[in-house]
Amino acid sequence: MRLRSGIFATLASGAIILLGWQVGDGSAQMSAPTPAKAASSATIQPPVSQASTGTDAGGSPTTAPAAPAGVADGTYKGSAINTPYGTVQVEAKIVGGSISNVVPLQLTDVGSLSIEIDRQAVPMLKSEVLSSQSANVNSISGATYTSEGYVTSLQAALDSAHFSS
Amino acid sequence: MMTKVASRRGDGLRRAEQRDRYLSRVVYPRRMRLADSLEAIVWLTIALVLALFLADSGLADFATPAGTFTGIGIVCGLVGTNLLLIQLVLASRLPAIDRAFGHDHALLTHEHMSKPVFYLIFGHVLFLWVGYALTTHVNVVAEIGVMFSTLPDMKIAYLGFGLLAAVVVTSVVIVRRKLAYEFWHAVHFLAYAAVLAALPHQFSTGQLFADGTWARYYWLLLYAVVAGALLVYRFGIPVIRTLRHDVRVSGVRAVAPGVYSIQMTGRGLEVLGARGGQFFIWRFWAPGQWWHAHPFSLSAAPESTRLQVTIRELGSGTRKLSSLPIGTRVSIEGPYGLFTERARTTRRAVAIAAGIGITPIISLLEHGDFAPGEMTVIVRATDEEGLYLYPELYELCARKSAGLYVFTGNRSQSGRESWLPATEMRRNVTLSTIVPEIAHADVFICGPRHWTDLVVEDARRARVPKFRIHYERFSW
C-alpha cells in the first residue's frame, strides 16, 4: 500500500472507531443504555398498548386522555411479550396516581446467561421507571431483549390503567 | 545522411520515453489506485465492526473479569467473521481483485489469512465459554453443555465451527501433499456451509445485531455483498461463458514426451478479453476427466475462435488428457491472472521460465505490445528435451526482437541453492550478470513454487523493487 493511501485508510479507520467509541461512551454514562437501538435517540419508544386496551387507546402515552388524578389504585398486568430469549411480562402497581412498584411476572429464561443478565438489568429498569414515572426509559446495554419486553409489557399495563405521566 | 539517422534515433528515443512515462505514470498508478482502494475497504470494514461494538457500549463489558472474557470473545468473533468474509471475496474471482492483485496473489493472501482467522474464531469460542461460565458461576465444561442446549442457534453454530476446523485441517495436510487435490477442494466448499451455519446465532444470541438495530442491517448487507460476489463471479459468469462460447477440443498435439498442446475452438472468444499470459480453469467433459478442474495458462495468443494450452503430465489428473477425444466439451472459468501486460510498470521486461512455465510467457510475448529490444526471455530446463515449445519461442523472439537466453543442466544438489544450473552457479552467474539493467525492468517469473521463490530472491538481490516482480507459480 502506498503511503498516502495508508495514511488515509488509517485516519479513516481511526475516525470510525473513535466515533463508535464516542457514541458508546456517551450512552454508557447514562447507566449504559444501548444507542444501537436508534440513530438519533437512545430511548426506546414503547409501542402503544399491545394488550388489554387495544390500539384505540390513542396515540403516545403523553397524549393519552386520562389524567394522573383519575387513575385508580391497584395492580395492572401488562401483556406477555415474546423475545428470542423467552417471554417477558410485568405488573405495575399504582398507588395515589403514581407508579409505586413494577413486579416481573415472567422474564427471559433461555440459557443460564439470560437469568444472570435479568438479575442485573431488571432492578436497573425498575429504578428508572420509578424515577421517570413512565415506561419511557433507556434500554440496558447487554440486555436489549429484556429491556424491550419489559418496557413494552409495562406500557401495556400503564395503558390499561389509563395512566399517563 | 548523418542528420537523418540522428533524427530517426531521436524519434525512437522520444517514443521509448513516452512509452515509459505512459506505463509508469498511467498504467501502474491506475492499478495501484484500485489496489489501494480495495485494501482500504478491508481496513474500513474492520474499523466499522469495532466501532459497532464500541457504539453498543462494548467497553462497559470490560468492567468485570467475566465481562472482559465475554468482550474479548465478542471482538474475536466480529473481527474473525469479518476477515472470513474477506477471504471468501478473495476467492470469488471478483474482476477488480484480479486486475489489481492477480488471481495468484489474491489466493496467496487468502491462504495466509486462514490461520489468523481460525485463531480468532477459536478465540471467540474459548473466551465466550470462559466469560459465560464466570458470569453464571458454572464451571467451563458444564457451560459448554449449557450453551449447546439452551442458547438459540448454538447447535448449528458449533456445527459451523467444526466444518471450519475441517477446512483448516485439510488445508494444512494438503500443503504437505498427503491428500488428493479434489478431496481437499471438496472439503474446502464446506467453508460456505460453515459461514452460513454461524449466521443464525449472530442474530439471535448476539446482542450486537439484535432485531431492529442498524448494526444488524449492516451485517446482513455485508453478507449479501459477499454472497452476491460469489454467486455472480464464482458460479454465474463461468456457467454463462461456458454455455455461450461452446468451447470444444479440436486437436491434441504431442510437443515432447509427456507434453501436449490441446487446441480448442469456440464462438466469439474475443469478448472474454483474454490476454496473453492469463489462464483459465478448464474442465474437460470426458469420462474420468470431468471431475478434475485444471488451471492451465494459454500457450498461444488467444484468438476469436481458438484457444491453446500446453500441458505436462504431472499428476493423476493430467495423465489422461493426451487421449481427449476431438469434440470434447470444455467448461471454462476465466480468464484470470495478472501475468499480462497490465502488470507492466516500465518499458523493459525480463521473463524467466522453467520447464512448462514457458507457456504463459509465450502467450504474453506473442499477444503483448513489446517493442523491439524491450523484452528479454530466460529459459531454464534440465536438458534440451525439457525446453518445451522451443521452436515456437525461438521464432517468436526473433519476430519481436526479444533477447533469449537458455540455461540447461542440473541444479546444484548440495550447498547453496540456485535457480540456475550448477555449472552457471559456480561461474557466479546471477540475474544481474545476465541482464545488468534488470533493476529497471519488470520481471515476470513462471515455474514451480520453490524455484520461483529462488528467482524472486535473486531478483531482489539485483535490486528489482517488489512491485516490479510478477510471478505465477504452479500448484498441483
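Everything below is about the structure printed above this text.
A. Inspection of the overall build of chain A at higher detail. Scanning chain A from terminus to terminus reveals 3 helices and 4 strands. When the helices and strands of chain A are read in sequence order from the N terminus, they spell out α-β-β-β-β-α-α. When the 165 residues of chain A are sorted by exposure, 45% land in the buried category. Put simply, of all contacts in chain A between residues at least 6 apart along the chain, 58% involve residues at least 24 apart. When the accessible surface of chain A is summed, it comes to about 7,700 Å², and 59% of that surface belongs to carbon and sulfur atoms.

B. Quick peek at the pairing of strand β2 (residues 259–265) of chain B. All names here are of chain B. Taking burial as the measure, the 7 residues of β2 include 6 buried ones, the bulk of the element. Pairing of strand β1 (residues 247–256) with β2 involves 7 bridges; the strand directions are antiparallel. Its bridge partner lying in β2, Gly251 is registered against Gln263. In sequence, β1 turns back onto β2 through a hairpin of 2 residues, with Gly258 there showing a positive phi of about 80 degrees. Bridging between β2 and strand β5 (residues 306–312) involves 7 bridges; their strand directions are antiparallel. Across the sheet, Thr265 pairs through a bridge with Arg306, a residue of β5.

C. Here's a closer look at the interface of chain A and chain B. Between chain A and chain B, the contact holds 33 residues from the first and 36 residues from the second. Taking both partners together, chain A and chain B bury about 2,900 Å²; carbon and sulfur atoms supply 62% of that area. Counting every contact that joins chain A to chain B gives 0 salt bridges. Our count for the contact surface shared by chain A and chain B stands at 4 residue pairs in polar contact (both at pLDDT 80 or more). Among the elements of the structure, α1 (3–28), α2 (112–132) and α3 (144–160) of chain A are those that each provide at least two residues to the side of chain A that touches chain B. Taken together, the residues that form the side of chain A that touches chain B break down as 19 nonpolar, 11 polar and 3 charged.

D. The arrangement of the packing of helix α2 (residues 65–90) of chain B against helix α9 (residues 214–245) of chain B in detail. All names here are of chain B. It is the contact of α2 with α9, at a shortest axis distance of 9 Å, that shows an interaxial angle of 20 degrees. The angle between α2 and α9 places the two elements in the roughly parallel class. In terms of crossing hand, the pair formed by α2 and α9 is left-handed. Of the residues in α9, those touching α2 at Leu78, Thr81, Asn82, Leu85, Leu88 and Val89 are Trp219, Leu222, Tyr223, Val226 and Leu230.

E. Structural detail: the sheet that holds strand β6 (residues 329–336) of chain B. Residues and elements named next belong to chain B. An order of β4-β3-β6-β1-β2-β5 is seen for the 6 strands of this open sheet, with the pairing classed as antiparallel. With one partner strand each, in any of the chains shown, β4 (294–297) and β5 form the two edges of the open sheet. For this sheet the average axis-to-axis angle between neighbouring strands, irrespective of direction, equals 35 degrees. Those strands touched by α9 are β1 and β6, and its axis lies near 130 degrees from that of β6.

F. Seen up close, the side chain of Thr146 of chain A. Topologically, Thr146 of chain A is positioned in helix α3. With sequence-adjacent residues up to four places away left out, Thr146 of chain A is seen in contact with Val88, Thr108, Asp118 and Val122 of chain A.

G. Quick peek at the environment of Ala197 of chain B. Mapping Ala197 of chain B onto the fold places it in helix α8 (residues 190–204). We classify Ala197 of chain B as buried; its relative accessible area is 7%.

H. Examining a nonpolar patch on the surface more closely. Where nonpolar side chains cluster on the molecular surface, the patch consists of Leu18 and Trp21 of chain A together with Leu59, Phe62 and Ile72 of chain B and spans about 440 Å² of accessible area. Considering the arrangement of structural elements, one finds Trp21 of chain A in helix α1.

I. Seen up close, the pattern of salt bridges. Residue and element names in this part refer to chain B. Under the criterion given, the structure shown has 15 salt bridges over all chains. With a closest N to O distance of 3.8 Å, Arg306 and Glu303 form a salt bridge. In this structure Glu303 comes out as partly exposed when scored by relative accessible area, which is 44%. With its nearest N and O atoms 3.9 Å apart, the salt bridge here joins Glu374 to Arg347. Placement of the pair is Glu374 in the loop between α10 (358–367) and β8 (375–381) and Arg347 in the loop between β6 and β7 (349–354), with a sequence separation of 27 residues. You can call Arg347 partly exposed: its relative accessible area is 23%. Sharing partners across several salt bridges, the network here consists of Arg19, Glu341, Arg344, Arg347, Asp369 and Glu374.

J. A look at helix α11 (residues 390–400) of chain B. All names here are of chain B. Those residues of α11 that sit buried are Leu393, Leu396, Cys397 and Lys400. For α11, the angular spread of buried residues about the axis comes to 100 degrees, placing them on one side. For α11, exposure combined with an orientation more than 90 degrees from the buried face picks out Pro391, Tyr394, Ala398 and Arg399. Buried-residue contacts for α11 involve α10, β8 and β9 (403–408). Once α11 ends, the next one or two residues include Ser401, with phi positive near 50 degrees.

K. Fine view of the side chain of Thr310 of chain B. Residue and element names in this part refer to chain B. Note on placement: Thr310 falls in strand β5. Thr310 sits in the buried class, given a relative accessible area of 4%. A distance of 2.9 Å separates polar atoms of two side chains, one belonging to Thr310 and the other to Ser261. Here the side chain of Thr310 touches Ser299 through a polar contact of 2.7 Å, side chain to side chain. Beyond its immediate sequence surroundings of up to four residues, Thr310 is in contact with Val255, Val259, Tyr260, Ser261, Ser297, Ser299, Ile356, Thr359 and Leu389.

Criteria and thresholds
Residues numbered from 1 in each chain as written. Chains lettered and ligands numbered in written order. Predicted model: local features only at pLDDT ≥ 70, side-chain atom pairs only at ≥ 80, totals over all residues. Heavy atoms only, no water. Helix = DSSP H or I, 4+ residues; strand = E, 2+ residues; numbered from the N terminus. Buried < 20%, exposed > 50% of the residue type's maximum accessible area, 1.4 Å probe, protein only. Contact = heavy atoms within 4.5 Å. Areas by Shrake-Rupley, 256 points an atom, 1.4 Å probe, with all protein chains shown as cover. Pairing = 2+ DSSP bridges. Buried area = accessible area lost by both parts, 1.4 Å probe. Salt bridge = Lys/Arg side-chain N within 4 Å of Asp/Glu carboxyl O. Polar contact = N/O pair within 3.5 Å; in protein donor to acceptor, adjacent residues only side chain to side chain. Nonpolar A, V, L, I, M, F, W, Y, C, P; charged D, E, K, R; others polar. Axes fitted to C-alpha atoms, helices over the stretch in contact; angles between N-to-C directions. Parallel < 35°, antiparallel > 145°, perpendicular 65-115°, else oblique. Left-handed = near helix turned anticlockwise from the far one by under 90°. Patch = residues over 30% accessible without salt bridge, like charges linked within 9 Å, V, L, I, M, F, W, Y side chains within 5 Å. Arc of directions from axis to C-beta.

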